[in-house]
Number of protein chains: 4
Amino acid sequence: MNKFSIDEMTKYLEEIFPQIRGKYIILKLEHSLSEVQLVATEANLRPGNTISGPTMFELADIAFYLAVISLPGSSTLALTTNVSINFLRKPEHSNLIASAKIKKSGRKLVVGDVEIFSEDMSQLVAHAIFTYSLPSSTS
Amino acid sequence: MNKFSIDEMTKYLEEIFPQIRGKYIILKLEHSLSEVQLVATEANLRPGNTISGPTMFELADIAFYLAVISLPGSSTLALTTNVSINFLRKPEHSNLIASAKIKKSGRKLVVGDVEIFSEDMSQLVAHAIFTYSLPSSTS
Amino acid sequence: MNKFSIDEMTKYLEEIFPQIRGKYIILKLEHSLSEVQLVATEANLRPGNTISGPTMFELADIAFYLAVISLPGSSTLALTTNVSINFLRKPEHSNLIASAKIKKSGRKLVVGDVEIFSEDMSQLVAHAIFTYSLPSSTS
Amino acid sequence: MNKFSIDEMTKYLEEIFPQIRGKYIILKLEHSLSEVQLVATEANLRPGNTISGPTMFELADIAFYLAVISLPGSSTLALTTNVSINFLRKPEHSNLIASAKIKKSGRKLVVGDVEIFSEDMSQLVAHAIFTYSLPSSTS
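Predicted, not measured: the structure shown is a model, and the values here were computed from it. (Residues numbered from 1 in each chain as written. Chains lettered and ligands numbered in written order. Predicted model: local features only at pLDDT ≥ 70, side-chain atom pairs only at ≥ 80, totals over all residues.)

Enquirer: Outline the overall build of chain A, listing residues and values.
Expert: Counting its secondary structure elements, chain A contains two helices and eight strands. Beginning at the N terminus, the succession of helices and strands in chain A can be written as α-β-β-β-β-α-β-β-β-β. Taken over the C-alpha trace, chain A has a radius of gyration of 15 Å; the compact-globule value for 139 residues is 14 Å, and the two agree within 12%. In terms of overall dimensions, chain A has C-alpha extents of about 50 × 30 × 25 Å along its principal axes. Here chain A, with 139 residues, has 45% of them falling under the buried criterion. Contacts spanning at least 24 positions in sequence make up 59% of the contacts within chain A whose residues lie at least 6 apart. (Helix = DSSP H or I, 4+ residues; strand = E, 2+ residues; numbered from the N terminus. Rg over C-alpha atoms; globule rule 2.2 N^0.38 Å. Buried ≥ 20, exposed ≤ 12 C-beta atoms within 10 Å, placed from the backbone. Contact = placed C-beta atoms within 7 Å.)

This is the structure in structure tokens:
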């Protein structure tokens, strides 16, 4: 069992991605699940006072990455191979929440989806499907 | 004809997205086409000294956005509705180049793709298809 | 309110798509939801005695189309604009079930997803996100 | 070198997918490339006398499959793992042509895209990106 606590994962993330320190809060971390909140700043906006697409992509990617590396037997070297994302509504400037769920965990590929909600969880603003590739255990 | 020169577009981008100033260089801007280069920094890396997925997503999104708003009759309020991106190779820390092409420009939707190459254009590292939605002309 | 009963919808589908008569059974039809079962035959197989990808795509597309045209104010002229589908497991030759859910219904676009399950609903075999475009009400 | 001639491939396809006999014509088969034409019938139509989405998906999938299995060292057991498809224009009832190109051929995954054109090649009607998974050589 190599599951991390939220504190351990937060520390680990800040070590490997020092540039995102303070930008995300891990709300939940369970088997096949994670929930991550964006700490929105001016840098995340695009014209119209709305959160930018790349900001939502990064939020979703981090939530899914945490769900993947929390799997027993997984590796922190897991890599995104495909993402398809639908942007549903223009979110106002706020601390969006991403909820990631693993739907299939294979030997080579891990597949699932991420929903991004407004801060009060009342509105779905984006939905993405992810495929991550796991490094070969023999290489 | 509302096409912009590269200089005009660079100034315009820095006005509406001050947070990306200095991060991207527009190399080409033609009807239905754009080419944008990333000025990579430590902030764009992920473990393994490779450019992160969200960095490539933002680069592709900016290149496609420029191609869209350069269309005659288009609007700077165009919004991303769907992106599907395949990550093909781990790019080394370098100034990647995105090449965007519009494939269909309709009244409501603009569709096309973006290829992301290594700095010397010898390797394709990511490929994405984009759909942007244009605001209704009557609203 | 222009919702259809399952019987009305079955008759309507057979009228507009006579070529799929007998190939699909509508199990559920509610606001923003539908469930459709494939009646699998040899024509749906690919090597390895597994249901082919195009068969699953058609099943998912029909389930989502039914959910879209069941929306109040929707139109039977709704058209698929984008689909991203992940194939998760090789399904054995069986009567797969697709479950479609609308996640955002706008004036121009309807967005949601479809999960395809094995006949006993115990395994998820594919997951897709759909965007449909609605014809302009003024044209 | 395990490349097939167009005749060999046509025979092979009819053997493994007898249900598609006569529905497709292979126009081109080269390293990393294929071109396949649909022989359209009433069964491929949807309301509005237009070729249905699932028909275009199957055409694209077959073209990409042929490009994959023509690669040296590839396997006919290659499986679709992800497809994202944009439908750009309503094609009239006609013999559409799909042009598939491999963009990255790895040990585990093969990635590329397919463009679907009207019969006279003058209009792009759909564009898709594909990921196929290759079976492990050791299993």
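After presenting the structure, the write-up continues.
Enquirer: Talk me through the interface of chain B and chain C; I want residue IDs and the actual numbers.
Expert: Contacts between the two partners involve six residues from chain B and, on the opposite side, six residues from chain C. Looking at the side of chain B that touches chain C element by element, the count peaks at three residues for strand β5 (residues 79–87) of chain B. Of the residues contributing to the side of chain B that touches chain C, the split by class is one nonpolar, four polar and one charged. (Nonpolar A, V, L, I, M, F, W, Y, C, P; charged D, E, K, R; others polar.)

Enquirer: Tell me about the relation of the copies chain B and chain C, and name the residues and values.
Expert: Expressed as a screw operation, the relation of chain B to chain C combines 0.0 Å of axial shift with a rotation of 180 degrees, fitting to an RMSD of 0.0 Å. These values place the two chain copies in the arrangement generated by a two-fold rotation axis. (Least-squares fit on C-alpha atoms with pLDDT ≥ 70 in both.)

Enquirer: Describe in detail the interface of chain B and chain A, supporting the description with residues and values.
Expert: With 21 residues of chain B at the contact, the number on the chain A side is 21 residues. When contributions to the side of chain B that touches chain A are tallied by element, the ones reaching two or more residues are α2 (53–69) and β5 of chain B. Among the elements that take part in the side of chain B that touches chain A, β5 of chain B stands out by supplying nine residues, more than any other. Per-class residue counts for the side of chain B that touches chain A are 10 nonpolar, seven polar and four charged. As defined by bridge partners, strand β5 (residues 79–87) of chain A adjoins β5 of chain B across five bridges and the pair is classed as antiparallel. Bridged to Val83 of chain A within β5 of chain B is Ile85 of chain B. (Pairing = 2+ DSSP bridges.)

Enquirer: Give me the lowdown on the sheet that holds strand β2 (residues 33–38) of chain B, citing residues and values where you can.
Expert: With respect to topology, 12 strands assemble into an open sheet ordered β1(A)-β2(A)-β6(A)-β7(A)-β8(A)-β5(A)-β5(B)-β8(B)-β7(B)-β6(B)-β2(B)-β1(B), the strand pairing being antiparallel. The open sheet is flanked by β1 (24–30) of chain A together with β1 (24–30) of chain B, the only strands paired with a single partner. For this sheet the average axis-to-axis angle between neighbouring strands, irrespective of direction, equals 20 degrees. Relative to strand β8 (residues 124–133) of chain B, β5 of chain B is paired through eight bridges, and the arrangement is antiparallel. Bridge pairing in β8 of chain B links Asn86 of chain B to His127 of chain B. (Axes fitted to C-alpha atoms, helices over the stretch in contact; angles between N-to-C directions.)

Enquirer: Please provide a residue-by-residue account of the confidence of the model for chain A, values included.
Expert: All names here are of chain A. Confidence in the prediction for chain A averages 91 pLDDT; 96% of positions are at 70 or higher. Across chain A, strand β7 (residues 109–117) holds the top mean pLDDT of 98, while strand β3 (residues 45–46) sits lowest at 84. Scoring of the predicted complex yields 0.94 for pTM and 0.93 for ipTM. (pLDDT = per-residue confidence, 0-100.)

Enquirer: Quick rundown of the relation of the copies chain B and chain A? Include the residues and the values.
Expert: Laying chain B over chain A is done by rotating through 180 degrees and shifting 0.0 Å along the axis; what remains is an RMSD of 0.0 Å. Comparing interface residues between copies, 100% of those in chain B also lie at the interface in chain A; the contact surface is shared.

Enquirer: Would you mind going over the pairing of β1 of chain B in detail, with residue names and values included?
Expert: Looking along a regular strand, one sees the side chains alternate between the two faces of the sheet. When β1 of chain B meets β2 of chain B, the two strands line up antiparallel, connected through six bridges. Bridge pairing in β2 of chain B places Leu29 of chain B opposite Ser34 of chain B.

Enquirer: Before we move on, can you summarise unusual backbone geometry with the specific residues and values?
Expert: Its identity as a non-glycine residue notwithstanding, Ser32 of chain B has a phi of 75 degrees, on the positive side. Note that Ser32 of chain B resides in the loop between β1 and β2. Exposure remark for Ser32 of chain B: the 16 C-beta atoms within 10 Å place this residue in the partly exposed category. The backbone of Met121 of chain C sits at a positive phi, close to 65 degrees, despite the residue not being glycine. Within the secondary structure, Met121 of chain C sits in the loop between β7 (109–117) and β8 (124–133).

Enquirer: I'd like a description of the sheet that holds strand β6 (residues 97–105) of chain C, backed by residues and values.
Expert: An order of β1(C)-β2(C)-β6(C)-β7(C)-β8(C)-β5(C)-β5(D)-β8(D)-β7(D)-β6(D)-β2(D)-β1(D) is seen for the 12 strands of this open sheet, with the pairing classed as antiparallel. Edge positions in the sheet fall to β1 (24–30) of chain C together with β1 (24–30) of chain D, since each has one partner strand and no second. Sheet twist, expressed as the average angle between the axes of neighbouring strands with direction ignored, equals 20 degrees. Of the strands in this sheet, β1, β2 (33–38), β5 (79–87), β6, β7 and β8 of chain C together with β5 (79–87) of chain D are in contact with helix α2 (residues 53–69) of chain C, which crosses β2 of chain C at around 145 degrees.

Enquirer: Provide a residue-level description of the environment of Ile51 of chain A, including the pertinent values.
Expert: Residues and elements named next belong to chain A. Within the secondary structure, Ile51 sits in strand β4 (residues 50–51). Look at Ile51 and you get buried, because 25 C-beta atoms sit within 10 Å. Along the chain, Ile51 and Val68 lie 17 residues apart, while their C-alpha atoms are 25 Å from each other. Filtering out sequence-adjacent residues up to four positions away, Ile51 remains in contact with Ala40, Asn44, Leu45, Met56, Pro91, His93 and Leu96.

Enquirer: I'd like a description of the packing of helix α2 (residues 53–69) of chain A against α2 of chain B, backed by residues and values.
Expert: Look at α2 of chain A against α2 of chain B: their axes get within 9 Å of each other, and the N-to-C directions meet at 160 degrees. In terms of axis orientation, α2 of chain A runs roughly antiparallel to α2 of chain B. Judged by the twist between their axes, the crossing of α2 of chain A over α2 of chain B is right-handed. For the pair α2 of chain A and α2 of chain B, contact is made by Gly53, Pro54, Phe57, Glu58 and Asp61 of chain A and by Gly53, Pro54, Phe57, Glu58 and Asp61 of chain B, respectively. Considering only residue class, the contact of α2 of chain A with α2 of chain B consists of four nonpolar, two polar and four charged. (Parallel < 35°, antiparallel > 145°, perpendicular 65-115°, else oblique. Left-handed = near helix turned anticlockwise from the far one by under 90°.)

Enquirer: Could you give an account of the environment of Val111 of chain D, naming the residues involved and the relevant values?
Expert: As for its position among the elements, Val111 of chain D is in strand β7 (residues 109–117). Taking the C-alpha atoms as reference points, Val111 of chain D and Ser133 of chain D, 22 residues apart in sequence, are found 8.9 Å from one another. Not counting residues within four places of it along the chain, the set of residues in contact with Val111 of chain D comprises Asn86 and Leu88 of chain B together with Lys103, Lys104, Phe130 and Thr131 of chain D.

Enquirer: Could you give an account of α2 of chain B, with specific residues and numbers?
Expert: In this model α2 of chain B runs 24 Å from its N-terminal to its C-terminal C-alpha over 17 residues, within 8% of the 24 Å that 1.5 Å per residue would give. Taken across its 17 residues, α2 of chain B has 17 buried, putting it largely inside the fold. (Expected span 1.5 Å × (residues − 1).)

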